[in-house]
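Architecture at a glance
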4 protein chains.
Amino acid sequence: MDTLSLAATAASSTDRRAMLLNRFMAVRNTSRALAADLSPEDCQVQSMPDASPVKWHLAHTTWFFETFILCAFDPTYRPFSEPFRVLFNSYYNAVGEKHPRPHRGLLTRPSLDDVLKYRTHVDAAIGDLLSRTPGQDAGLQDLLELGLHHEQQHQELILTDVKHMLSCNPLKPAYRSQAPTEDTRMIGMLPGWTSYEGGIVRIGHDVQGFAFDNESPSHDILLQPYQLANRLVTQEEYLAFMQDDGYRRPELWLSEGWDVINREGWRAPMYWDGAGDDWHAFTLFGIEDLDPLAPVTHISYFEADAFARWAGGRLPREGEWEWAARCQPSAVASPQANLLESGFLHPRPAVAQTGVTGPGQMFGDVWEWTSSSYEPYPGFAAATGAVGEYNGKFMCNQYVLRGGSCVTSRSHVRATYRNFFPTAVRWQFSGLRLARAV
Amino acid sequence: MDTLSLAATAASSTDRRAMLLNRFMAVRNTSRALAADLSPEDCQVQSMPDASPVKWHLAHTTWFFETFILCAFDPTYRPFSEPFRVLFNSYYNAVGEKHPRPHRGLLTRPSLDDVLKYRTHVDAAIGDLLSRTPGQDAGLQDLLELGLHHEQQHQELILTDVKHMLSCNPLKPAYRSQAPTEDTRMIGMLPGWTSYEGGIVRIGHDVQGFAFDNESPSHDILLQPYQLANRLVTQEEYLAFMQDDGYRRPELWLSEGWDVINREGWRAPMYWDGAGDDWHAFTLFGIEDLDPLAPVTHISYFEADAFARWAGGRLPREGEWEWAARCQPSAVASPQANLLESGFLHPRPAVAQTGVTGPGQMFGDVWEWTSSSYEPYPGFAAATGAVGEYNGKFMCNQYVLRGGSCVTSRSHVRATYRNFFPTAVRWQFSGLRLARAV
Amino acid sequence: MDTLSLAATAASSTDRRAMLLNRFMAVRNTSRALAADLSPEDCQVQSMPDASPVKWHLAHTTWFFETFILCAFDPTYRPFSEPFRVLFNSYYNAVGEKHPRPHRGLLTRPSLDDVLKYRTHVDAAIGDLLSRTPGQDAGLQDLLELGLHHEQQHQELILTDVKHMLSCNPLKPAYRSQAPTEDTRMIGMLPGWTSYEGGIVRIGHDVQGFAFDNESPSHDILLQPYQLANRLVTQEEYLAFMQDDGYRRPELWLSEGWDVINREGWRAPMYWDGAGDDWHAFTLFGIEDLDPLAPVTHISYFEADAFARWAGGRLPREGEWEWAARCQPSAVASPQANLLESGFLHPRPAVAQTGVTGPGQMFGDVWEWTSSSYEPYPGFAAATGAVGEYNGKFMCNQYVLRGGSCVTSRSHVRATYRNFFPTAVRWQFSGLRLARAV
Amino acid sequence: MDTLSLAATAASSTDRRAMLLNRFMAVRNTSRALAADLSPEDCQVQSMPDASPVKWHLAHTTWFFETFILCAFDPTYRPFSEPFRVLFNSYYNAVGEKHPRPHRGLLTRPSLDDVLKYRTHVDAAIGDLLSRTPGQDAGLQDLLELGLHHEQQHQELILTDVKHMLSCNPLKPAYRSQAPTEDTRMIGMLPGWTSYEGGIVRIGHDVQGFAFDNESPSHDILLQPYQLANRLVTQEEYLAFMQDDGYRRPELWLSEGWDVINREGWRAPMYWDGAGDDWHAFTLFGIEDLDPLAPVTHISYFEADAFARWAGGRLPREGEWEWAARCQPSAVASPQANLLESGFLHPRPAVAQTGVTGPGQMFGDVWEWTSSSYEPYPGFAAATGAVGEYNGKFMCNQYVLRGGSCVTSRSHVRATYRNFFPTAVRWQFSGLRLARAV
């Protein structure tokens, strides 16, 4: 992305096309690699309405390039299959009919093989189109970049959805058999808080490079003085909350949260199993012991909020988080950040980065719940056409999460990035960092 | 309330007690008057889980005074009935067991008569306690004031809940047989917009007089320049939206809103019945023709938001609304405002008030949906004890409404007042006013 | 009924009309008497979809006479209220629109007073019609008799529905304050079994007097030799089943029953509360200790079936029960039978009747579950017109119960009477008697 | 089966074992052949709670042989996989824990390949066991025979479940690409009725050969004189019912049926699509035109019952059907019967069989709804142990179907066979034959 921005100003258009094509192939191959160890059966199943089959993710991301680029920019392009145009539309009402979301798992045809052929077909056509496009077509390139970020979002969902599906199997099978070798690194606990003076600051997308529409326009906000914790809340800390009867004290909970945890019987984070002091968790490497210093994850907004109240703090507002992140190195410039490319596929204990002060673990590990409802920035206007359905229409009854997780691509996350989920969702890698007034 | 504030500084404590007792009796009698024309059967029924029986409202407001004042401040007080202490607790987990909300309508015993005796008993005990309290007990007086505002909230609910219950009856019976005589008043349409420069402004409770905890602390916010419409959106305008296929165009709707209106089959505001150009509505006076110039009401957040998008505007943020309201006369100083005491019990067309510029209908007629999620103000801390459950624990997945409605007491509403409801709720008198960027 | 039959052959038509009118007034007054101690609130509430408000029962039974007799036979009759004709229709699709069953509790208007006036109006009109009808109109008299038995069915429902409604109230109020004085009677436990040879026997309605259409045609059936227990299963015996882990042993249960008791959490009969050896039950006289020798009641088909399997017996088939009942005195000839007129409103221990052998408690106390699915007798044809909707259309997925209960009128039950309910219903006074092969 | 019976009396035990092994291999291979054209994805999916994945059917039938034969009779047997013993238990509570039915489709591991290996393992072990068993072990052989009939039941379910799953796919893919070549056969419509005198007749299993426990004991029943139609109800006739507003006339329907068809929006048999005179249906060969003379299928009990009422007839009782079937050639002796081996996988028009009088189509084409609730025969006792859970615990709220369908194995069905389903089920090949009184 940063590379792309440079390209836009410095390189010849031939170079730019080559670089874009490289990135396209890299992202597309990553998706395929994520599914490489999965069987056709694994890629078929939808384990809950919130999740989608891996096969569907592989097809839908392809549909996006076919629909918004090939069909729009290449008059000679022949769609791979007419029925796929309906089957793999997700929520774009403007593009026409769509297949009902909870029924995605029923589509045994096309097979995984057919979907992989669909990917090959579209990849070739994109390559062909890029090679034929004479000069710089900003519209095409913007949509291509959007499509790549869209695919990176689905890569994250592939992993969270597979995790959920495998967890439903009493055999508790692992997605991968072995985690990367641990480097002998010094664990520095990053204790303490970083203080911010507040005042009028500017947030939102205002630099070169890609951003989703919901990150614009950049605008001024007014912050009160605040502090952010230097690391994420750990499993050890969360266990202390549980052992202090955190799930049984109504005064710690939002009213709706209290109803949810009792209706669902939640007494621990999702994927945890155990009692007393003896807990383990299902991970993408199977069932593992809890690392007390690793960040807690798979908690709902309600649990994050209750924990913060119990701990005497609060969740950060999204502007507070963003302002702090803007003062730190970016994800791309944070090699120690635990992101998809790290291969751990699970949050890890905080580690001090030499020469860096301020809050750590801002990028990767877990998405951090903020106390901010997901709302349009002042002056926000959705893009015209189907692409405009991307973000705006979800701005209601969801809360913003920031910073990416251990299954987010490094090139996909940034300080202005706004993720969002409803308050009772837990299958994402979601956790929290404490904030407090000065 | 203003009266009270003056009292606090100027009058002798005897006077103050007398004035407080007067207000107590006035509010309590209003509740009884609202139920005066209702039969025991009318007061018994709970027509949906969101609503409560009138009998329950009458008892629960009494329970509040008994629990938080008599039992707390009067060691000689004997509760009217032990079982009532559980039956008429609403949501105060800290006070102990409570009767499940959706079963309130099953309590045929105690009878309405018994509940009226309960009221008489508690009213007498409060009178007695006030007469015996030697000096000024600020804690008691604060709780009494809170109890009165609590009761005024339930007065509003008595009317909205009865309206819903009567609407379920195929006979469509009226709550009252005749609306007040209409004064021949000049209808001034208050066209146009009022502009605000924005910048840093202060909102929240910062003057003397009662306010709920959620209106504090007062704090600075940063506003972009904006405009507010000078009147509420009318039924005529809303009908134009309907006739322009507003309910059938997904691009106008939030994603969740689109799902809701299709699942519920909504094609018009609640209580409307008709087709094409011929619509009428169920009111507290029975079925009536639509007044085209009266404000539209009984619409959900989703409908308000979709209408605003269709009309090329947006909903105001709550800070924008409050800033504008602070620049206008208060509810108490707006005799033309259509509030409970006006007796119309239904929104009415806007009328120009001589010598007043800026937006009209700020108080009364309908609660105005804002685009602001209901969140704590920076530095908000819930009160300690059960009273602290009043507001804070609902600050999630709800949206703020401002300004009061035609069934809100004049002494109950103010510029800083924050009402809140979930996005799909329609049985309240809810409507909207447009905002837009300058 | 028997009286009526005699009348049909022996008395002058004037006498017959007078006798019919007497019976009409007696049945109608009984309904009113059952509601006499209930408040308007008590008569208003519908505590579950299966139940109806007392007010609705009072109105619907009146609607039956107005619709099928007055409107059909009296050209001068003016309906009391046009809207009542829809509001109080129950399930007769052929008669036109009807008010949805689960919303019966929402009708606060008409008031109980209005419904009582409706009853008075219709009673007077019936009296007037009978006095004017010159001779014998068999059609009218048959419908009148049907209407009276219909009303007796609803009298039973008034009591079971009120019982359910009061049980939902945490105050556990009593319907009546005092049970009739107990006669000092010898409790004879009627131990043992009565044997029947089987063979071809005739069942179904084949004598003079009223019967519902589902009791016809009488026909031959083939019975294997069998035995019936001489009394109903007692609470003591049922408690032994519970204490022998009856509710936790899947091998005792029908598959669907096992699902139901676990989904609902049933571990005892409905209205029982307690643990171990200490149980009490909610009755129409409030909470009472269990009488170990009284028949168990408020159990579902599934519980009756599981108990029988545990006890080494089985439920009787309806033909077996009827054949045994035909060999015993009728309900009218069984003064010791515990029926509505006895006033106990709860099952009582079996008592030997001097000079009577064979099974006791055949009539009254509790409806006895049989193992027979509710099906039409061979050659059954529903009556034409709306009255034909009475029984036939329910002949599916329900099971037959026999013998009447402690809230059934003595003149309403007979050996051929077929009651029927779905398998998971418990709010009726339902129990069981064991059968077994010889 | 018949072969086996002969074997039991005439052949040496070595021959008998060989014959049993032959049958074992033939049935086991049929299951595999039914799945041969399906992909791993096709075998994975569970399209509704009533259905199961093909992979599960393949594994569960294998589990039956492993659990009840190998683990019970072969002390040297080592289970293929411990977890499979829980995963592929279906409903046998006595055998221990089981995997919840609606989650069967979530088990992507074990893979289809693993399940096929499981089959190979168990098949070899059974072959080995049989070769080692010295003499005649009746218990083992009975259980083996039970296991084979159990597997044949699941073969039928494989086809009905796959059909449902494929029908959910908007592509409407075919299970097989081509139906068998049609023989040019004379269509004889078998018009008219066959009359039966009634009286005492004997039904139930009373000959040599296999039968399920629910077919015993044989016993006498008493039949009134009756007539049975000589063929099944056709699609042409059912279409006439539809066009005569059959689905819109409440007087034709059972009360519960009327609720079901309106709640579900049923206006035609399952898998039909069309309007007016133009209908087609989804079959295992994809979407096909309706053959007017072929039997109607995929109808619920409610629809069968309503059609019969409309047509002036009724459904047969199961005893009536069985008595008629006992007077006709058996399935094995009816080469023209359209059963699984015929390969049509869909019902076909009736054809006269030379020299045979009386009702045709008694075996194959469609399961025929009877009006008989599924109940134990007098004296029925479930087998002891887990196998006893096979049938008895489902004897409630289901109705009996007779005669087998186009996907039933010829060696699996017989005159005494009792199939059963709830009244609202349509995904089986279910249809009807009319009966009437003489």
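Digging into the interface of chain A and chain D
With 28 residues of chain A at the interface, the matching set in chain D holds 28 residues. Looking only at chain A, the three residues that lose the most surface to chain D are A:E41, A:L106 and A:R109, adding up to 33% of its buried area. Summed over the shared surface of chain A and chain D, the number is two salt bridges. Its salt-bridge partner being D:D42, residue A:R109 comes within 3.0 Å of it at the nearest N-O pair. Where chain A packs against chain D, one counts eight residue pairs in polar contact (both at pLDDT 80 or more).

Topic: unusual backbone geometry
Omega for the bond connecting A:R109 with A:P110 falls within 30 degrees of zero, at 0°, which places this linkage in the cis form. Structurally, A:P110 can be placed in the loop between α4 (82–87) and α5 (112–132). Cis geometry marks the peptide bond from C:S216 to C:P217; its omega dihedral reads -10°. Tracing the chain through its elements places C:P217 in the loop between β2 (199–203) and β3 (219–223). Although it is not a glycine, B:Y271 sits at a positive phi angle of roughly 75°. Among the secondary structure elements, B:Y271 is positioned in the loop between α8 (255–264) and β5 (272–275). Notably, D:D245 is not glycine yet its phi reads approximately 65°, a positive angle. Among the structural elements, D:D245 can be located in the loop between α7 (235–243) and α8 (255–264). Of the residues examined, D:D245 reaches a relative accessible area of 40% and is grouped as partly exposed.

Topic: the confidence of the model for chain A
Residue and element names in this part refer to chain A. Per-residue pLDDT for chain A has a mean of 91; in total, 91% of the residues score no lower than 70. Note on residues 1–10: pLDDT is under 50 here. Beyond four places in sequence and across chains, it has 15 contacts. Across the interfaces of the predicted complex, the ipTM metric reaches 0.92, alongside a pTM of 0.93.

What to know about helix α5 (residues 112–132) of chain B
Under the 1.5 Å per step criterion, the end-to-end length of α5(B) is 30 Å for 21 residues, consistent within 8% with the ideal 30 Å. Taken as a whole, α5(B) has its buried residues at B:L112, B:V115, B:Y118, B:R119, B:V122, B:D123, B:A125, B:I126, B:G127, B:L129 and B:L130.

As for a negative patch on the surface
A cluster of acidic residues, A:D277, A:D278, A:E288 and A:D289, forms a negative patch on the protein surface. In this structure A:E288 comes out as partly exposed when scored by relative accessible area, which is 38%.

Focus on the packing of aromatic side chains
The way to describe two aromatic rings as a pair is by their centre distance and the angle between their planes. Residues and elements named next belong to chain B. A complete count under the given rule lists 128 aromatic pairs over all chains for this structure. When the centroid spacing of 5.6 Å and the interplanar angle of 40° are considered together, the rings of W367 and Y417 count as tilted. Here the residue W367 occupies a position in strand β8 (residues 367–373), and Y417 occupies one in the loop between β9 (399–402) and β10 (419–421), the gap between them amounting to 50 residues. Given a relative accessible area of 1%, W367 falls into the buried group. On the basis of relative accessibility, which here comes to 3%, the residue Y417 falls in the buried class.

Looking at the relation of the copies chain A and chain D
Superposition of the two copies of the chain requires a rotation about an axis and a shift along the axis. Between chain A and chain D, the superposition needs a rotation of 180° and an axial shift of 0.0 Å, giving an RMSD of 0.0 Å. In symmetry terms, the pair is related by a two-fold rotation axis. Using C-alpha coordinates, one finds that chain A approaches the rotation axis most closely at A:E41, a distance of 2.6 Å. Interface overlap between copies: 100% of the residues of chain A at the interface are likewise at the interface in chain D, consistent with a symmetric, same-surface contact.

A look at the arrangement of the chains
At the level of C-alpha atoms, the two units chain A and chain C stay apart, their nearest approach being 15 Å. Separated throughout, chain B and chain D approach each other most closely at a C-alpha pair spaced 15 Å apart.

Structural notes on the pattern of salt bridges
Residue and element names in this part refer to chain A. Applying the stated rule across the entire model yields 96 salt bridges over all chains. Among the salt bridges present, the one from R28 reaches D123, with a minimum N-O distance of 2.6 Å. Note that R28 is positioned in helix α2 (residues 13–34) and D123 in helix α5, a separation of 95 residues in sequence. Summarising the burial analysis for this pair, R28 and D123 share the class buried. Among the salt bridges present, the one from R85 reaches E82, with a minimum N-O distance of 3.9 Å. Residue R85 and its partner E82 are both found in helix α4; the two are separated by three residues, about one turn of the helix. Since its relative accessible area comes to 52%, E82 is described here as exposed. One network of salt bridges, with partners in common, ties together D206, E318, E322, R326, R402 and R418.

Regarding the sheet that holds strand β7 (residues 286–289) of chain C
Residues and elements named next belong to chain C. Overall, antiparallel pairing links the three strands, which are arranged β5-β6-β7 in an open sheet. Looking at strand neighbours, the two that pair on one side only are β5 (272–275) and β7, the edges of this open sheet. Across this sheet, the average inter-strand angle for adjacent strands is 25°, counted without regard to direction.

Brief notes about the sheet that holds strand β10 (residues 419–421) of chain C
All names here are of chain C. Taking strand neighbours across the sheet as the criterion, the four strands line up as β10-β9-β8-β11 in an open arrangement whose pairing is mixed. Both edges of this open sheet fall to β10 and β11 (430–431), since each of them pairs with a single strand only. Two elements, strand β8 (residues 367–373) and strand β9 (residues 399–402), share three bridges in a ladder whose sense is antiparallel. Looking across to β9, one finds that E368 is bridged to R402.

As for the packing of helix α3 (residues 54–73) of chain A against helix α6 (residues 138–167) of chain A
It is at 9 Å that the axes of α3(A) and α6(A) come closest, and there the two elements cross at 175°. What the angle tells us is that α3(A) and α6(A) run roughly antiparallel.

Notes on the interface of chain A and chain B
Taken together, the contacts link 28 residues of chain A with 29 residues of chain B. Both faces considered, chain A and chain B share a buried interface measuring about 2,100 Å² in area, 53% of it formed by carbon and sulfur atoms. Taken as a group, A:L222, A:C396 and A:N397 account for 24% of the area that chain A buries against chain B, more than any other trio of residues on that side. Taken together, the links from chain A to chain B amount to zero salt bridges. Applying the counting criterion to the chain A and chain B interface returns ten residue pairs in polar contact (both at pLDDT 80 or more). Looking at the side of chain A that touches chain B, the elements that each hand over two or more residues are β3 (219–223), α8 (255–264), α9 (301–310) and β8 (367–373) of chain A. In terms of residue class, the side of chain A that touches chain B is made up of 14 nonpolar, nine polar and five charged.

Considerations on the environment of A:F68
All names here are of chain A. Relative to the helices and strands, F68 resides in helix α3. Accessibility expressed as a relative area gives 10% for F68, which makes it buried. On a C-alpha basis, the gap between F68 and L143 in space is 7.2 Å, while along the polypeptide they are 75 residues apart.

What counts, and at which threshold
Residues numbered from 1 in each chain as written. Chains lettered and ligands numbered in written order. Predicted model: local features only at pLDDT ≥ 70, side-chain atom pairs only at ≥ 80, totals over all residues. Heavy atoms only, no water. Contact = heavy atoms within 4.5 Å. Buried area = accessible area lost by both parts, 1.4 Å probe. Salt bridge = Lys/Arg side-chain N within 4 Å of Asp/Glu carboxyl O. Polar contact = N/O pair within 3.5 Å; in protein donor to acceptor, adjacent residues only side chain to side chain. Helix = DSSP H or I, 4+ residues; strand = E, 2+ residues; numbered from the N terminus. Buried < 20%, exposed > 50% of the residue type's maximum accessible area, 1.4 Å probe, protein only. pLDDT = per-residue confidence, 0-100. Expected span 1.5 Å × (residues − 1). Patch = residues over 30% accessible without salt bridge, like charges linked within 9 Å, V, L, I, M, F, W, Y side chains within 5 Å. Areas by Shrake-Rupley, 256 points an atom, 1.4 Å probe, with all protein chains shown as cover. Lys, Arg positive; Asp, Glu negative; His and termini not counted. Charge placed at Lys NZ, Arg CZ, Asp CG, Glu CD. Phe/Tyr/Trp six-rings, centres within 6.5 Å; stacked < 30°, edge-to-face > 60°. Least-squares fit on C-alpha atoms with pLDDT ≥ 70 in both. Pairing = 2+ DSSP bridges. Axes fitted to C-alpha atoms, helices over the stretch in contact; angles between N-to-C directions. Parallel < 35°, antiparallel > 145°, perpendicular 65-115°, else oblique. Nonpolar A, V, L, I, M, F, W, Y, C, P; charged D, E, K, R; others polar.

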